Each structure stands twice: as C-alpha cells, then as structure tokens.
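Understanding the architecture of this molecule
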Amino acid sequence: MTEELLTPDYVFEASWEVCNKVGGIYTVLSTRANTLQTHFRDKLFFIGPDFWRGRENPLFIESDNLCVAWKEHAAEKDNLSVRVGRWNIPGKPIVILVDFLPFFTQKNEIYTEMWNHYQVDSLHAYGDYDEACMFAYATGKVVESFYRFNLTETDKVVFQAHEWMTGMAALYLQMAVPEIATIFTTHATSIGRSIAGNDKPLYDYLFAYNGDQMSQELNIQSKHSIEKQTAHYVDCFTTVSEITNNECRELLDKPADVVLMNGFEDDFVPKGATFVGKRKRARSLMLKVANCLLGDSLDDDTLIIGTSGRYEFKNKGINVFLETLNRLNRDKNLKKKVLAFVSVPGWVGDPREDLQQRLKSKGKFDTALECPFITHWLHNMTHDQVLDMLKYLGMGNHPEDKVKVIFVPCYLDGKDGILNKHYYDIILGEDLSVYPSYYEPWGYTPLESVAFRVPTITTDLAGFGLWVNSLKNQHGIDDGVEVVHRSDYNYSEVADGIKDTIAAFSAKTEAEVKEIRKRAGQVAEQALWKHFIKYYYEAYDVAMRNAMKRQLN
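Quick summary incoming for the structure in this document. (Residues numbered from 1 in each chain as written. Predicted model: local features only at pLDDT ≥ 70, side-chain atom pairs only at ≥ 80, totals over all residues. Heavy atoms only, no water.)

1. Describing the overall build of the protein
Helix and strand counts for the protein stand at 19 helices and 17 strands. In terms of overall size, the protein behaves like a compact globule, its C-alpha atoms giving a radius of gyration of 24 Å where 553 residues would be expected to give roughly 24 Å. Projected onto its principal axes, the C-alpha coordinates of the protein cover approximately 75 × 50 × 50 Å. Within the protein, buried positions represent 60% of all 553 residues. Within the protein, counting contacts between residues at least 6 apart in sequence, those at least 24 apart form 74% of the total. With an accessible surface of roughly 23,000 Å², the protein has 50% of that area assigned to carbon and sulfur atoms. With 61 positive and 76 negative side-chain charges, the protein shows a spacing of 6 Å between the two charge centroids. (Helix = DSSP H or I, 4+ residues; strand = E, 2+ residues; numbered from the N terminus. Rg over C-alpha atoms; globule rule 2.2 N^0.38 Å. Buried < 20%, exposed > 50% of the residue type's maximum accessible area, 1.4 Å probe, protein only. Contact = heavy atoms within 4.5 Å. Areas by Shrake-Rupley, 256 points an atom, 1.4 Å probe, with all protein chains shown as cover. Lys, Arg positive; Asp, Glu negative; His and termini not counted. Charge placed at Lys NZ, Arg CZ, Asp CG, Glu CD.)

Here's what the structure looks like:
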C-alpha cells in the first residue's frame, strides 16, 4: 500500500502550540516529531508564534547557521522577522518562529482579501481571533518566502495547518503558491466545544443543529467561519477521531478526508528500577501532602486516584468525578481508603504557607488545616466550580470519610511550591485515573495514564474511549481501561458506573492489580506513533493529488 502513496519532499506544519506548551496539540506535535524527523531528515519544518523576543524559551534552541541566506532574504526583501532553530524535544526538528505583530497594520486588507476569495467572515472578531489570524497570515508569507527562495516547482511540498488559528495560512498559500498541497486539521470544532460548554445537549441533537446559526447564537461567528471555509477549501481536511468527524460532518457540513488519530511516544516513560523508584516517591509525596493537609495518617495501602487536564468543568467531566467520589464515600463495597486528586489549573494564587511549613517539619499532625481540600489559595475562592461543588455535596474531608479529595489548582511544572514535581512524575504514583469526559475529541490524559501503567476509566464520548472499544480483548478495567457509556442525559448512571468500578478495583489482590497494570501498558503500546503515522502519509497523498487537480482547473 505505502509504495503507491505520493510522498512529499518537504513538510511544513504550523500551530499556535509549536514551542508553546498550552494544551493537547503540543503533545500531538512534540511526540510525533521524532517519527517524522526520522523519515524526512530536516525537510520537516515546524512554524510557531514568536512570543519570546528577548526572553529565554527553554523549548527553542536558536541556531546561527540554519537557513542563513534565506533568513537575510526574508528580512530584507519580504519584511519578515523570523528566528530559526530547533525544538528541544526528541528528534530536534527545525523550527521557524515568526513575529506576526507587524501584520496588524494590514489587518483590514487581509480580512477583505479573505472575504473576497474564501467568504471568511471576520466582521465579528474579538478576543484571540485577530492575534491568531495575523500569526496565520504571517506563517503563509514565511512558507511562500522559503519556497520561492529555496525550492523549485519539482519539489513536492505539503503544508499542514492545525486548528482554526492557522486556517488563514492554508488559505493564503492556496492563493499565493498553488503548487503547495494544503492540509487542515481540526482537533475540536469551535462550535461543538461551544455547544457542549454552554450546557446544550450536543450528541442527541447533532443532526438538527445548524453550525452557522449556532455560531451566531453563541457569538463565535468568525472562528466558526475561518474553520468551516478552511475545511471546505483545503486539499485535505482531517480531524482526530470518529466522534469529532461526526461533528465536522454536521456542524461544518464537511466530513474529514482522513482521520488522523493521535498517537504518542513512550520515550518519557521511565523503565525498570527507575520506574519503581519514581512511583514510590510519587506515592509517598502525595500521601505526605494529604496527611499534612488533613491531619491524617493515610498509609501506602490507600487507593490513590486522580483526574487532570484543562479546567472545563462539564466538558472534562470534573463534575461527574466529584459526584462519583461523594457516592463512593457511602458505598459499602469500598474496601480501602481513597485519596482522590483533582489536578486542574484554576485561577491560582500562592501555595499555602501553612501547608508548606507542615511539609518542611518532620512531625505528624492530628488536626486538619483550614480548608483541608486545596493545596494553593485561589484568587476566586468563593467562585470556583470545584470548591462550589464540594461545598454543595457537603464533602469536607471529615475524619470519618473513607474518601478524601484534594484539589491541586496549578500546573504541575516542578515548581508549584507544594508538590514540586512534574505532572508525569506525579501521575505514575496513582493506582487508578478517571476521565469521565462529555466533550473530548481525542483524550491524551487517559492515554498518558495507561502509558504509565495506571489503569484508567474514560467514556465513549472521548475519541480515545471509542478507539479502545474497537480493540480486541478489551473488556473493562481488568484489561486496563474501563469505557463507560455516556450520553447527553445519563450523568447519574455514569457516576454510579465509575463508583462501582472503583469499589470493585479496591477489592483486587496485589497479583490481580499487577496484571491489570501490565495490560494497561499494553493498550498504550497499540497507540504508539509507529502504528498511527500511516494516516499522515495517507493525508499527504490525498492533499498532493487534490492539489494537482486544483492546478489543472
């Protein structure tokens, strides 16, 4: 099959998250880079926004000898300000960071051009729209400049744009350099995320929603417009899962040409004795933080569970997780004490000094601190959804509670002031993770969890959950992943299902848990990039064939 596919000579990929770690797309690009770099050997170029002028960006290693002649040409002849270097990740691919601020002076002309050529409606732009589109336009100009200076018509070139933020780059290139084949990947439709986030039922009514009409109602016309028009005009339109493909079909009136499932690399998962040591240290730290906060003496037999990700209370199912814990606290079948962590970055203030002091001292404590369920103070303690729901459920980590819950409202970047470990060095200390998502185009968090051999519970509204359901020999938590059925209206059943799974897991023997952990790792192995990269080669082929047809017309 692969022999017949057209392969590009050069690949350019643009995203707001290149050398800019803000979300799941960073994980997609940074874990896949090594696989593509092995294949294309420095004919792969990532393009990202340059926010870091005059400041150190630990993810970007600037180089004085890469593309020197072109850089000078781009500055003198094309008025483009770029920095070239390497991305500090496995594979070390070449990165071009572009300064897009100068394009703001041409904003109205750019938007007029996009309306005239592609009916992109930028009239209702607000928030991050202008910034993203100026970056996208600048990116298009950079690729055009590179192509004209370094390449010829015989070079086969593919440009891939990620998310609505870079859509304008793909559209500009189709106008300016029609020889370049364009791919657009949406990782979640802006309108779908908006419908779900605004408490409207997304799935049962998907067939009845009109994307354009809903974008007006929810005030996101411009983002929806660039996303929809790019999807329709590019040579190859892609998305990341079948569940998001349904959304694209209904809300953008365009199904994907290829579904690019999100793989990952396991090169950040420690092996052997290192893994065992790290897991031990993570557990001991989590129990220590809990005991200092709660004035308790939870021991290593405690079942440690967690959820994490972006703070989207409903979309990520954080509300269901808290409801589950509340029900679990009263469940007769629970065989162990449970310590649950909710690690989602909120509007965080300072780490708690009273907790820091306890952590420094060697003593044991038998009284809880004030607010014994949060590690850092928030700027909005009285208006936080997690804290509000804990209060509403009456969950206060009382001494008699079998289930204790701790909210860690900050990025685990190794310097938060309390845990002081990176996310990956904490997650492997968990026994079980829970991601009961309502809106989750793919779902890296449960995938990362099983990579660290932590069994996970997710839903069939997550792309990852759907994929797990398609695997052979997958029958629930005993095989490493429990996929709970979730719909618009079965919140309560989902909470009960997860509660029952956790209770059943708490009764497992050490040998059974060991086997489950091994199977969780085996699920992750099936999602490595070496298995999923073939979909990208397929998308390159579709894009190049359609670009040829486009030029003939």
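Next comes the rest of the account.
2. Quick notes on the packing of aromatic side chains
The geometry of two aromatic rings is summed up by the distance between their centres and the angle between their planes. Evaluated as defined, the whole model comprises 33 aromatic pairs. On the numbers, 5.1 Å between centres and 70° between planes, the contact of tryptophan 16 with phenylalanine 51 is edge-to-face. Placement of the pair is tryptophan 16 in the loop between β1 (10-14) and α1 (24-40) and phenylalanine 51 in the loop between β2 (44-49) and β3 (60-62), with a sequence separation of 35 residues. The exposure class assigned to tryptophan 16 is buried, which follows from its relative accessible area of 15%. Three or more aromatic residues joined by ring pairs form one cluster here, namely Phe264, Phe268, Tyr423, Tyr424 and Phe452. For the cation-ring pair, arginine 32 lies above tryptophan 529, with the distance from its terminal atom to the ring centre recorded as 5.6 Å. (Phe/Tyr/Trp six-rings, centres within 6.5 Å; stacked < 30°, edge-to-face > 60°. Lys NZ or Arg CZ within 6 Å of the ring centre and 35° of its normal.)

3. Regarding helix α16 (residues 463-470)
Taken together, the buried positions of α16 are occupied by Gly463, Phe464, Gly465, Trp467 and Val468. As for α16, its buried residues are in contact with α9 (242-251), α15 (444-451), β16 (456-459), β17 (481-484), α18 (510-525) and α19 (529-552).

4. Comments concerning the nonpolar core
Grouped together as the largest cluster of nonpolar side chains are 63 residues, with contacts concentrated most on Trp87, Trp442, Leu447, Phe464, Trp467 and Tyr540. Here this core gets 10 residues from one element, more than from any other, and that element is α19. Membership of the second largest hydrophobic core comes to 57 residues, among which are Ile94, Val142, Leu173 and Val177. (Core = buried A, V, L, I, M, F, W, Y, C linked by side-chain atoms within 4.5 Å.)

5. A short note on the pairing of strand β4 (residues 82-87)
The buried fraction of β4 amounts to five of the six residues, a majority that puts the element mostly inside the structure. Pairing analysis gives three bridges linking β3 to β4, with the strands arranged antiparallel. Note that in β4 the partner of phenylalanine 60 across the bridge is tryptophan 87. In terms of strand pairing, β4 meets strand β5 (residues 94-98) through five bridges, oriented antiparallel. Along β5, the bridge assignment pairs valine 82 with valine 98. (Pairing = 2+ DSSP bridges.)

6. Comments concerning the side chain of glutamine 229
Within the secondary structure, glutamine 229 sits in helix α8 (residues 221-233). If we skip the residues at most four places from it in the chain, glutamine 229 touches Tyr118, Gln119, Val120 and Leu171.

7. Points about the environment of aspartate 366
Inspection of the secondary structure assignment puts aspartate 366 in the loop between α12 (353-360) and β13 (376-378). Owing to a relative accessible area of 70%, aspartate 366 belongs among the exposed residues under this scheme. Once the C-alpha coordinates of aspartate 366 and cysteine 292 are considered, the two residues, 74 residues apart in sequence, prove to be 8.7 Å apart.

8. A closer look at the sheet that holds strand β11 (residues 338-343)
Sheets are built from strands paired through backbone hydrogen bonds, the pairs being either parallel or antiparallel. What the six strands build is an open sheet, ordered β14-β11-β10-β15-β16-β17; its pairing is parallel. Of all strands in the sheet, those bounded by a partner on one side alone are β14 (403-408) and β17. Strand-to-strand twist of the sheet, defined as the mean angle between neighbouring strand axes without regard to direction, takes the value 20°. Looking at chain direction, strand β10 (residues 303-308) and β11 are connected through six bridges and run parallel. (Axes fitted to C-alpha atoms, helices over the stretch in contact; angles between N-to-C directions.)

9. What about empty space enclosed by the protein?
By the definition in use, this model includes two cavities of 30 Å³ or more. Of the volumes computed, that of the largest cavity is approximately 70 Å³. Residue lining of the largest cavity: Met286, Thr307, Ser308, Phe341, Ser343, Leu412, Leu419, Tyr423, Ile426, Ile427, Glu430 and Tyr435, and that is the complete set. Ranked by residue count, the leading element in the lining of the largest cavity is helix α14 (residues 423-427), at three residues. Lining the second largest cavity are His124, Ala125, Tyr126, Tyr129, Asn219, Ile220, Gln221, Ser222 and Lys223. Among the elements that line the lining of the second largest cavity, the one with the most residues is α8, at three residues. Its residues placed into classes, the lining of the second largest cavity shows four nonpolar, four polar and one charged. (1 Å grid on protein atoms, 1.4 Å probe; cavity = no way out; pocket = protein on both sides within 12 Å on 5 of 7 lines; lining within 4 Å. Points joined across faces, edges and corners; volume = space filled by probe spheres on them. Nonpolar A, V, L, I, M, F, W, Y, C, P; charged D, E, K, R; others polar.)

10. Details of the sheet that holds β3
The nine strands are arranged β3-β4-β5-β2-β1-β6-β7-β8-β9 in an open sheet whose pairing can be described as mixed. With one partner strand each, in any of the chains shown, β3 and β9 (258-259) form the two edges of the open sheet. Across five bridges, β1 lies against strand β6 (residues 157-162) in parallel orientation. Across the sheet, residue phenylalanine 12 finds its bridge partner in β6, namely phenylalanine 159. α1 contacts β1, β2, β4 and β6 of the sheet and is inclined by roughly 155° relative to β2.

11. Quick word on the layout of surface pockets
Roughly 780 Å³ of internal volume is contained in the second largest pocket. Around the second largest pocket, the lining is made up of 27 residues, and of these Arg279, Arg283, Asp300, Asp431 and Glu510 lie nearest the centre. It is helix α10 (residues 272-294) that provides the largest number of residues to the lining of the second largest pocket, a total of 10 residues. Broken down by class, the residue content of the lining of the second largest pocket amounts to seven nonpolar, five polar and 15 charged.

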